[in-house]
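Residue-level structural notes
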Amino acid sequence: MQNMVILGATGSIGASTLSVISANPLAYRVYGLVANASVDKMLALCVAHRPKVAHMVDEAAAKQLRAVLPATLNIQVTTGINDLLGLVTAAEVDTVMAAIVGAAGLVPTLEAVKAGKRVLLANKEALVMSGELFIEATKRSGAVLLPVDSEHNAIFQCLPLEVQANLGRCDLAASGISHILLTGSGGPFLRSDLATLAAMTPAQACKHPNWSMGPKISVDSATMMNKGLEFIEARWLFNTQAEQLKVVIHPQSVIHSMVQYRDGSVIAQMGNPDMRTPIAHCMAYPQRIHSGVEPLDFFKVGQLSFYEPDFERFPCLALAMDACAQGQEATTVLNAANEIAVEAFLQGQIGFTQIAKVNEACLVTVPKRPMGSIEDILALDAQTRVYARETLASIA
């Protein structure tokens, strides 16, 4: 039985992970649950799954949880960064699901890697911000890194075994691979009139046609920054050159990504748009387990369509691809700027199309310097957030 810690337990990936665990109770045990401040949700999860440790990032939330958690459950409630890092590196822990959204997930995920854990990576920002350091830490510790994002998991499943075993250090060309085709639905505004985008509301941006996700990732899908971050993540996971990566708009979200081989073959991973499929794949790899997802019914799928991305409609995607070409400093800046811009949009402080403007302003203006440590990365992240907030004030 594997002991699992779930970072981001109260989010959508956390819920899907717990669903897969519940479907396979003899194979997995919830050792630790980590959340930010959602006391009611964490309480319900503690009652249902009986973890050994419940960690709240917010200190006041931890105090509230201690007050309402039945003592008979014998669950330790912790808070603070030291307790969090102690949890993900504990000797009893086998697997860490890294599903905290944003830069906040970087440090605990990296510590789990350094401790040699089996890390199921759903947090894009870990590689977007610290790709080279992250991959090197994986190599040194012998940690097992498995991609949870539906697109990267699909790519992983389509790759030869020798590439799967060498994430971050593989040679795609030597394995006969010509291109990785990263698919994306195009989000809720794929066919909206360009003139209407500036007036789109947070509620409209969060109404994804295929996937059920949290607000931040939903907005990133609407701007296609989500695909841009995945483009950067794929560069590090699969050690790609820019010309080996392509983005394909696929509105139906049935094909989750593809790998194109030198001989003309294209291998695609398909399935219903449900995150329990890639989660179950990573949890059991190289075996297969029940995920609770209905099998794809090809007679109901209908048409599958594909388009080139429109960068006028999706400027954030173009910014991410450009940042990827510039290097790690630029992608760290872009990620920090985007988190601030999306938060401002969700709070009604800026319009939808101004997200890209904030991101571009930070990419152009924030000084970039070589980064050799996690401290350097966090310092650049913090500097960018200050500038992004100043930019918000000037356009609000």
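Every value quoted in this text rests on a predicted model; they were computed, and no experiment measured them. (Residues numbered from 1 in each chain as written. Predicted model: local features only at pLDDT ≥ 70, side-chain atom pairs only at ≥ 80, totals over all residues. Heavy atoms only, no water.)

Considerations on the UniProt feature "domain: 1-deoxy-D-xylulose 5-phosphate reductoisomerase N-terminal" (unreviewed entry) in the protein chain
Put simply, the rule reads: UniProt positions are given in the numbering used here, feature names are shortened, and annotations may be inferred rather than shown by experiment. Put simply, DSSP marks the helices as runs of H or I at least four residues long and the strands as runs of E at least two long, and each gets a number from the N terminus on.
Within this numbering scheme, the UniProt entry marks residues 4-131 as carrying the feature "domain: 1-deoxy-D-xylulose 5-phosphate reductoisomerase N-terminal" (unreviewed entry). Regarding residues 4-131, the helix share stands at 45% and the strand share at 21%, and the terminal C-alpha atoms are separated by 24 Å.

Focus on the sheet that holds strand β10 (residues 255-261)
What counts here: When DSSP locates at least two bridges between a pair of strands, those strands are taken to pair. To get an axis, a line is fitted to the C-alpha atoms, and for a helix only the part in contact is used. The angle between two axes follows their N-to-C directions and goes from 0 to 180 degrees. Contact criterion: two residues are considered in contact whenever any of their non-hydrogen atoms come within 4.5 Å of each other.
The strand order β9-β8-β10-β11 describes an open sheet built from 4 strands, whose pairing is mixed. Looking at the sheet topology across the chains shown, the edges are occupied by β9 (245-249) and β11 (266-270). On average, each strand axis in the sheet is inclined to that of its neighbour by 20°, with strand direction left out of account. Strands in contact with helix α7 (residues 150-158) are β8 (177-184), β10 and β11; relative to β10, the strand with the most contacts, it is inclined by about 40°.

Considering the nonpolar core
We apply this condition: Nine residue types can take part in a nonpolar core, namely buried Ala, Val, Leu, Ile, Met, Phe, Trp, Tyr and Cys, and a core is a set of them joined through side-chain atoms within 4.5 Å. The buried label applies to any residue whose accessible area, calculated with a 1.4 Å probe on protein chains only, is under 20% of its type's maximum; exposed applies above 50%, and partly exposed to all values in between.
Ranked by internal contacts, the top residues of the largest apolar core, which has 128 residues, are Val-5, Leu-7, Met-97, Phe-352 and Ile-355. A per-element tally of this core places helix α15 (residues 328-346) first, with 9 residues.

Here's the deal with the packing of α7 against helix α12 (residues 276-284)
How we decide: Our angle categories are set so that under 35 degrees counts as roughly parallel, over 145 as roughly antiparallel, 65 to 115 as roughly perpendicular, and the remainder as oblique. Two helices cross in a left-handed way if the nearer one is turned anticlockwise from the farther one by less than a right angle. They cross in a right-handed way if the turn is clockwise.
At a closest axis distance of 9 Å, the pairing of α7 and α12 adopts a crossing angle of 50°. On the basis of their axis angle, the class for α7 and α12 is oblique. Along this stretch, α7 crosses α12, giving a crossing that reads as left-handed. Along the contact surface, α7 presents Ser-150, Asn-153, Phe-156 and Gln-157, while α12 presents Pro-278, His-281 and Cys-282.

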